[in-house]
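Each chain is listed here by its residues.
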Amino acid sequence: MKDKLFSGIQPSGDIHLGNYLGALKNWIALLDEYDAIFSIVDYHAITVPYEAHELQQRILDATAIVIAAGLDPERSTLFVQSTVPEHTELCWILGTVTRISDLERMTQFKQKSQQFYQTVNMGLFAYPVLQAADIILYKAKAVPVGEDQAQHIELCREIVRKFNKTYGETFPEPQAILGEAKRILGLDGQAKMSKTMDNTIGLAEDPKSIQKKLNKAVTDPARVRKTDPGNPNICNIFTLQHFFSTPSEIEYVDRECRVAGIGCLECKKILGKNIIAEILPIQEKYENLKYQKKYLQDILAAGSKRCQEIAATTMEEVREKLGMR
Ligand code: AMP
Ligand code: TRP
């Protein structure tokens, strides 16, 4: 039997190149090596303000785009977190073996508490505990994520150790799997590309809009005029070239940027052309899939059924270990 893999994505906004490069591509690459379970994590998404009437559509959109990107539902399990209520039950139990001081250390909590300072709530604080429940409910060993989530996986391991020590060996310690693109920066070249910030390139975004955004994106800040030589080492556009452009194109922009042989706009045109060439087939599939509501709902329902069965078995074991049965 293959080891289990678990990962999740929030249905909180359009899926962007950070998600694609940092997580999605890795999910797809690992499909055959593991028994892979992927969740659209709606319980996580409601820890910051959101529009309830948009949630179902966002869930379907996220489902369609991940499938369009190559997450084959025949070779993996895809489901919506809130359709398996054991996630919240286990979250409560894990909360009793999680130290408050550990949760207070979490970088994402600190960041989001600042960003959403008017609505900091207990769910946001317990977010990593729910994430730990997601993973261990299926006894997953592998968790492919972007670097921003590595700290949460480390905490999950700590929670597992504490649970196993208190109640007896029950869960394996999961391992984060980071891909080549660990942390993609947004168009400002400073902050992480993120759904809750206006700094993204969407995977389903119109090619014209992508090129327009790229043209305005921040490059080497010291390069003010086209005649100034640039430094690709500190240019976010150059970093992105590595994920989309050919070795000879990368070598060309690297060389020509340093001697002001080309301007930023030319470099961005090369990048834009390559991004669009890679994501166009995904967009075409997505355009077709997003209207097939029944097909998407059936995939999610089948995933949910399988996950409910696994979750029920795990929770029986957990309740027994806790003396609740
Ligand atoms: P989220 O959009 O927060 O639900 O994230 C879904 C997945 O994408 C997680 O594995 C994140 O670590 C990953 N991810 C999100 N933003 C980035 C980014 N800017 N760079 C790399 N990975 C990212
Ligand atoms: N917190 C993750 C993110 O925002 C999403 C997530 C929820 C997740 N549960 C998970 C990722 C379990 C990996 C495993 O990126």
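Reading the values: rules and limits
Residues numbered from 1 in each chain as written. Chains lettered and ligands numbered in written order. Predicted model: local features only at pLDDT ≥ 70, side-chain atom pairs only at ≥ 80, totals over all residues. Heavy atoms only, no water. Near = heavy atom within 4 Å. Polar contact = N/O pair within 3.5 Å; in protein donor to acceptor, adjacent residues only side chain to side chain. Areas by Shrake-Rupley, 256 points an atom, 1.4 Å probe, with all protein chains shown as cover. Helix = DSSP H or I, 4+ residues; strand = E, 2+ residues; numbered from the N terminus. Nonpolar A, V, L, I, M, F, W, Y, C, P; charged D, E, K, R; others polar. Contact = heavy atoms within 4.5 Å. Expected span 1.5 Å × (residues − 1). Bend = angle between axes of the 7 residues up to and from the residue. Buried < 20%, exposed > 50% of the residue type's maximum accessible area, 1.4 Å probe, protein only. UniProt positions renumbered as here; feature names shortened; annotations may be inferred. Axes fitted to C-alpha atoms, helices over the stretch in contact; angles between N-to-C directions. Parallel < 35°, antiparallel > 145°, perpendicular 65-115°, else oblique. Left-handed = near helix turned anticlockwise from the far one by under 90°.

Novice: Let's hear about the site of ligand 1: which residues, and what values?
Specialist: Around ligand 1 sit 18 residues in total, of which Q10, G146, D148, I184 and K195 are the nearest. Measuring from an oxygen atom of ligand 1, one finds a backbone N or O atom of Q10 at 2.9 Å. With respect to ligand 1, the side chain of K195 contributes an N or O atom lying 2.7 Å from an oxygen atom. Computed on the free molecule, ligand 1 has an accessible area of 480 Å², of which 93% lies beneath the protein chains in the complex. For the shell around ligand 1, the elements supplying multiple residues, two or more each, are β1 (4–9) and α1 (17–29). Considering each element in turn, the shell around ligand 1 owes the most residues, four residues, to α1. For the shell around ligand 1, the per-class residue count stands at five nonpolar, eight polar and five charged.

Novice: Explain the environment of I28 to me, and be specific about the residues and the numbers.
Specialist: Within the secondary structure layout, I28 lies in helix α1. With residues near it in sequence (within four places) discarded, I28 still touches A69, G70 and L71.

Novice: Would you mind going over the site of ligand 2 in detail, with residue names and values included?
Specialist: If you check the shell around ligand 2, you find 13 residues, and the closest are Q10, Y127, Q131, D134 and Q149. Contact between ligand 2 and Q10: an oxygen atom at 3.0 Å from a side-chain N or O atom of the residue. In the environment of ligand 2, a nitrogen atom lies 2.6 Å from a nitrogen or oxygen atom belonging to the side chain of D134. About the coverage of ligand 2: the protein hides 92% of its 360 Å² of free accessible area. When residues in the shell around ligand 2 are grouped by element, the largest group, four residues, is from helix α7 (residues 122–136). For the shell around ligand 2, the class distribution of residues is six nonpolar, six polar and one charged.

Novice: Tell me what's going on with α7, and back it up with residues and numbers.
Specialist: For α7, which comprises 15 residues, the first-to-last C-alpha distance of 21 Å matches the rise-based estimate of 21 Å (1.5 Å per residue) to within 8%. The sharpest bend along α7 comes to roughly 45 degrees, located at P128. Burial analysis of α7 places twelve of its 15 residues in the buried class, the great majority of the element. All of the buried residues along α7 are L124, F125, Y127, P128, V129, L130, Q131, A132, A133, D134, I135 and I136. N-capping of α7 is provided by N121, with a side-chain oxygen placed 2.9 Å from the backbone N of G123.

Novice: Outline the side chain of R319, supporting the account with residue identities and numerical values.
Specialist: Note on placement: R319 falls in helix α13 (residues 293–321). Contacts of R319, omitting those with residues within four sequence positions, involve E89, M324 and R325.

Novice: Help me get a handle on the UniProt feature "short sequence motif: 'HIGH' region" (unreviewed entry) in the protein, residues and values and all.
Specialist: Mapped onto the present numbering, the UniProt feature "short sequence motif: 'HIGH' region" (unreviewed entry) falls at residues 11–19. As annotated, residues 11–19 has a helix share of 33% and a strand share of 0%, and its two end C-alpha atoms lie 12 Å apart.

Novice: Quick rundown of the packing of helix α3 (residues 55–69) against helix α12 (residues 264–289)? Include the residues and the values.
Specialist: Relative orientation of the contacting elements α3 and α12 amounts to 140 degrees, with a least axis distance of 8 Å. Taken as axis vectors, α3 and α12 run oblique relative to one another. As for the relative orientation of α3 and α12, their crossing is right-handed in sense. Of the residues in α12, those touching α3 at D61, A64, I65, I67, A68 and A69 are I282, K285, Y286 and L289. Here the contact of α3 with α12 is built from residues that sort into eight nonpolar, no polar and two charged.

Novice: Before we move on, can you summarise the UniProt feature "binding site: ATP" (unreviewed entry) in the protein with the specific residues and values?
Specialist: Following the UniProt record, one finds the feature "binding site: ATP" (unreviewed entry) at Q10, P11, S12, G18, N19, G146, E147, D148 and I184. In this structure S12 comes out as partly exposed when scored by relative accessible area, which is 28%. With respect to the helices, strands and loops of the structure, G18 is situated in helix α1. Judged by its relative accessible area of 16%, G18 falls in the buried class.

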